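The chain contents come next:
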Amino acid sequence: FHEKQEGSLCAQHCLNNLLQGEYFSPVELSSIAMQLDEQERMRMAEGGVTSEDYRTFVQQPSGNMDDSGFFSIQVISDALSVWGLELTLFNSPEYRNLGIDPINEKAFICNYKEHWFTVRKLGKQWFNLNSLLTGPELISDTYLALFLAQLQQEGYSIFVVKGDLPECEADQLLQMVQVQQMQRPRLIGEDAAARDQRRVQRSEAGVEGDRLYNSSAMVDEDDDNLQKALALSRQQIDMEDEEADLRRAIQLSMQGGHQSDITEPLVSNTPQSSGNSEPEPLTSEELRQRRQAYFEKQQVKMEHLSSKGLKQTTNVQTMDSEADGASEENMLKAATNMSLDTRKQSSKSAEEN
């Protein structure tokens, strides 16, 4: 049983933690305090109600309790006397002369600056039942003497509880088993601060989680945009590849057409070798003149067709500089074929004559 601190009712918590139950309330302790005040007043009145000491005593507030809930050692002692328990000052020379080992006692009540708390033996183990702690604190046998010595050094008044404490469930259970404390209890103020800190950390973790979620969402959106861009890029590349293939096909088709136009005249117009007779090659000047004559003839033909209202459309698609070079070469070869054909006809006429 462990009562935690409420207001300034540490005397109530001290008694209940000592007796291991809700035996006393503020009302009952206030009643004991008022009885003590009345007893003191009656003793002071024995010297005369008109005396200066009596008038001073009556004007002073109670020394056994106050409005905050504090109760004096006399109130605690009278409350324990109902159970046949007495308090002996542990710091007194009389008790020290007895040479009693603290480990052989049953309980201690400690006080410092109007704060009361209990240290009690339950079963075979000692516990600090301070109401300012979040729970009982286990104290080993070897540490008990050091713990009490430390309290004395800090200015605490320590009282030994003499008598038989009422039976309690915790004492009966711990007579059979021993406990191990994995984590020491905190002070109530520290525990509240730790809870606030954990609350802040959870809040910050939630904000960070939202930030990470938003960042993840942005990354996912960026990935989606990247995938879309890659898909569009691949589609564009495919279209460009198709257009490139189409252009190459047209170019090959045109080259094939030009090649056939050139090859056929060469085959049909080129004279076969007869013995050792070979046609004489044309000079560059003759080739240029005959080419010029061919172009002029084609121009006259085009003008003649235009005069009759005929429309002739010529779509020349130039794919690259190589195609232009091929067209010019084809025209040159065509002019060469015409020249060869003309020369062949001249040679034939001369033979007939």
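Quick caveat: nothing in here was measured; it's all calculated off a predicted structure. (Residues numbered from 1 in each chain as written. Predicted model: local features only at pLDDT ≥ 70, side-chain atom pairs only at ≥ 80, totals over all residues. Heavy atoms only, no water.)

Visitor: Tell me what's going on with helix α4 (residues 73–81), and back it up with residues and numbers.
Guide: Restricting attention to buried positions, one finds in α4 the residues Val75, Ile76, Ala79 and Leu80. The arc that holds the buried residues of α4, viewed along the axis, is 130°, so those residues lie on one side. On its buried face, α4 sits against α1 (10–19), α2 (26–45), β1 (86–89), β2 (107–112) and β3 (115–122). (Buried < 20%, exposed > 50% of the residue type's maximum accessible area, 1.4 Å probe, protein only. Helix = DSSP H or I, 4+ residues; strand = E, 2+ residues; numbered from the N terminus. Arc of directions from axis to C-beta. Contact = heavy atoms within 4.5 Å.)

Visitor: Describe the packing of aromatic side chains, with residues and values.
Guide: Tallied over the entire structure, the rule returns eight aromatic pairs. Ring geometry for Tyr112 versus Tyr156: centroids 5.0 Å apart, planes at 35°, classification tilted. Of this pair, Tyr112 sits in strand β2 while Tyr156 sits in the loop between α6 (141–153) and β6 (157–162); the two residues are 44 residues apart in sequence, bridging distant segments of the chain. With relative accessibility at 15%, the residue Tyr156 sits in the buried group. Taking the centre distance of 6.0 Å and the plane angle of 45° together, the rings of Tyr143 and Phe147 count as tilted. (Phe/Tyr/Trp six-rings, centres within 6.5 Å; stacked < 30°, edge-to-face > 60°.)

Visitor: Quick one: what's the story with the pairing of β6, residue by residue and with numbers?
Guide: Pairing of β1 with β6 involves four bridges; the strand directions are antiparallel. Across the sheet, Leu89 pairs through a bridge with Phe159, a residue of β6. Relative to β6, β2 runs antiparallel, the two sharing four bridges. If you follow Asn111 over to β6, its bridge partner there is Ser157. (Pairing = 2+ DSSP bridges.)

Visitor: A description of the packing of α2 against helix α3 (residues 52–59) should follow, citing residues and the corresponding values.
Guide: Running from N to C, α2 and α3 cross one another at 160°; their axes reach a closest spacing of 9 Å. Taken together, the axes of α2 and α3 lie roughly antiparallel to each other. Remark: the crossing between α2 and α3 carries left-handed chirality. The segment α2 lies against α3, with Asp37, Glu40, Arg41, Met44 and Ala45 engaging Asp53, Tyr54 and Phe57. In the contact of α2 with α3, the residues fall into four nonpolar, no polar and four charged. (Axes fitted to C-alpha atoms, helices over the stretch in contact; angles between N-to-C directions. Parallel < 35°, antiparallel > 145°, perpendicular 65-115°, else oblique. Left-handed = near helix turned anticlockwise from the far one by under 90°. Nonpolar A, V, L, I, M, F, W, Y, C, P; charged D, E, K, R; others polar.)

Visitor: I'd like to hear about the UniProt feature "active site" (unreviewed entry) in the protein, residue by residue, with values.
Guide: According to UniProt, the feature "active site" (unreviewed entry) maps to Cys10, His115 and Asn130 in the numbering used here. Over a stretch of 121 residues, the named residues converge on one spot in the fold, their C-alpha atoms separated by at most 9.6 Å. Note on placement: Cys10 falls in helix α1. Since its relative accessible area comes to 3%, Cys10 is described here as buried. Look past the residues within four positions of Cys10 in its chain and what remains in contact with it is Gln5, Glu114, His115 and Trp116. Mapped onto the elements of the fold, Asn130 is located in the loop between β4 (125–128) and β5 (137–139). For Asn130, the contacting residues outside a window of four places in its chain are His2, His115, Phe117 and Thr118. (UniProt positions renumbered as here; feature names shortened; annotations may be inferred.)

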